[in-house]
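So the chains spell out like this:
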Amino acid sequence: MTRMLGWHSLSQFFQIPQHLHAPIARAWSNAGRRTLSEFAPYAAYALTVEIFFQVALGAGLIGSERPSNRTDIAYLFYLPFSMVFVSSDDLHRRTAQLFMRPDQAFVWGIDLKQALRAINDHFLLLPEEERDKGISAFAHSPPEGNLVAELWDRFMRAGYRDEEQVKLSPEKEAALVKRLIEFSEQPTSSQREMTAEEVRMISVSRTVRKKRGSWWQLPKNHPAAKPRAPE
């Protein structure tokens, strides 16, 4: 009975179309009639958030006079797929950690902005000739004693601060660039779906500004890429 109540609550809260009820019930039966959290863990999680929201509304713990609370609580549906959840919304600040695992972190958005500003100020102290080399030349990791650094140390791979930068010789770098350009200029494949085994390399083009704000994203003396001719 308890297991069926979970399914009925799910179908009501998320308005699952009637024509899908029977196929889902068959799949549940074929899976051994397991609990909802075993059979459909993410659906069970979303249902937990939704029930919590309705109970909190009824108890006056979440205000009903603010329509955006309905939208704001829905952001918690992303939680299982994140390591760090950043928000400046007070509702998230009060509720997100109730649903987070020990290997996740909630970060108050205002604190993150201050930490990022401190990092910006830190690198602005570098000599201009150093900054002209582009941020990838000197900003390999955030400075210690900063919220961003704490998050990196917690969630990035161990030892990243001590890793030496991989440097290619000018010849190898030129050969790599040449290969990538040649690949990007190849005709696109057909629209048919390809399996992971068939795909060896995928090209995705992005435009990068040489300078953004105070920072050179590419070295200051780097030749600007020539725009492609219209097709």
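Quick notes on the rules
Per-chain numbering applies: the sequence of each chain, read as written, is numbered from 1 onward. Where local features are concerned, this predicted model is filtered to residues with pLDDT of at least 70; where side-chain atom pairs are given and counted, the filter is 80 or more; whole-chain, interface and lining totals use all residues. Values reported for side chains reflect all heavy atoms of the structure, with hydrogen atoms and water molecules removed beforehand. Each helix corresponds to a stretch of at least 4 residues labelled H or I by DSSP, and each strand to a stretch of at least 2 residues labelled E; elements are numbered beginning at the N terminus. Remark: exposure states derive from per-residue accessible area (1.4 Å probe, protein chains only) relative to the maximum for the residue type, with buried under 20%, exposed over 50%, and partly exposed in between. Whenever a nitrogen or oxygen atom comes within 3.5 Å of another N or O atom, the pair is scored as a polar contact, on the condition that within protein one atom can donate a hydrogen and the other can accept it, and that pairs from neighbouring residues in sequence are kept only if both atoms are in side chains. DSSP-based pairing: two strands are paired if at least 2 bridges between them are found. Orienting the strands away from the viewer, one traces the path from the first strand over the helix to the second; a clockwise path indicates a right-handed crossover. One fewer than the residue count of a helix, multiplied by 1.5 Å, yields its expected span. Note that the arc is defined by the directions from the helix axis to the C-beta atoms. Each nonpolar core is a collection of buried residues, namely Ala, Val, Leu, Ile, Met, Phe, Trp, Tyr and Cys, held together in the definition by side-chain atoms within 4.5 Å. It only takes one pair of heavy atoms within 4.5 Å for two residues to be counted as in contact.

### Structural notes on the environment of Glu130
- Inspection of the secondary structure assignment puts Glu130 in helix 8 (residues 128–131).
- Considered as a pair, Glu130 and Pro219 are 89 residues apart in the sequence and their alpha carbons are 9.8 Å apart.

### Details of the side chain of Asp89
- By the element assignment, Asp89 lies in the loop between strand 1 (84–87) and helix 6 (90–95).
- Among the residues examined, Asp89 registers a relative accessible area of 14% and is labelled buried.
- A distance of 2.8 Å separates a polar side-chain atom of Asp89 from the backbone nitrogen of Leu91.

### Quick look at the pairing of strand 1
- Burial of the side chains of strand 1 is restricted to one face: Phe85 and Ser87 are buried, whereas none of Val84 and Val86 on the reverse face is.
- Pairing between strand 1 and strand 2 (residues 105–108): four bridges, direction parallel. Bridge pairing links Phe85 to Phe106 in strand 2.
- Following the backbone out of strand 1, through helix 6 and into the adjacent parallel strand 2, one traces a crossover that is right-handed.

### Thoughts on helix 7 (residues 109–124)
- For helix 7, with 16 residues, the first-to-last C-alpha span of 23 Å sits near the 22 Å given by 1.5 Å per residue.
- When we look at burial in helix 7, the residues that qualify are Gly109, Leu112, Ala115, Ile119 and Phe123. Each buried residue of helix 7 lies within a common arc of 120° when the element is viewed along its axis, so the set occupies one face. When the buried face of helix 7 is taken as reference, the exposed residues oriented beyond 90 degrees from it are Lys113 and Arg117.

### Examining the nonpolar core
- Core analysis: the biggest nonpolar cluster contains 17 residues, and Val49, Leu76, Leu79, Phe85 and Ala96 have the highest contact counts within it.
- Among the secondary structure elements, those contributing two or more residues to this core are helix 4 (41–58) and strand 2.
- Looking at this core element by element, the count peaks at five residues for helix 4.
- If we skip the residues at most four places from it in the chain, Phe85 touches Tyr75, Leu76, Leu79, His92, Ala96, Met100, Ala105, Phe106 and Val107.
- If you look at the next biggest cluster of nonpolar residues, it comprises eleven residues, including Ala105, Phe123, Val148 and Phe155.

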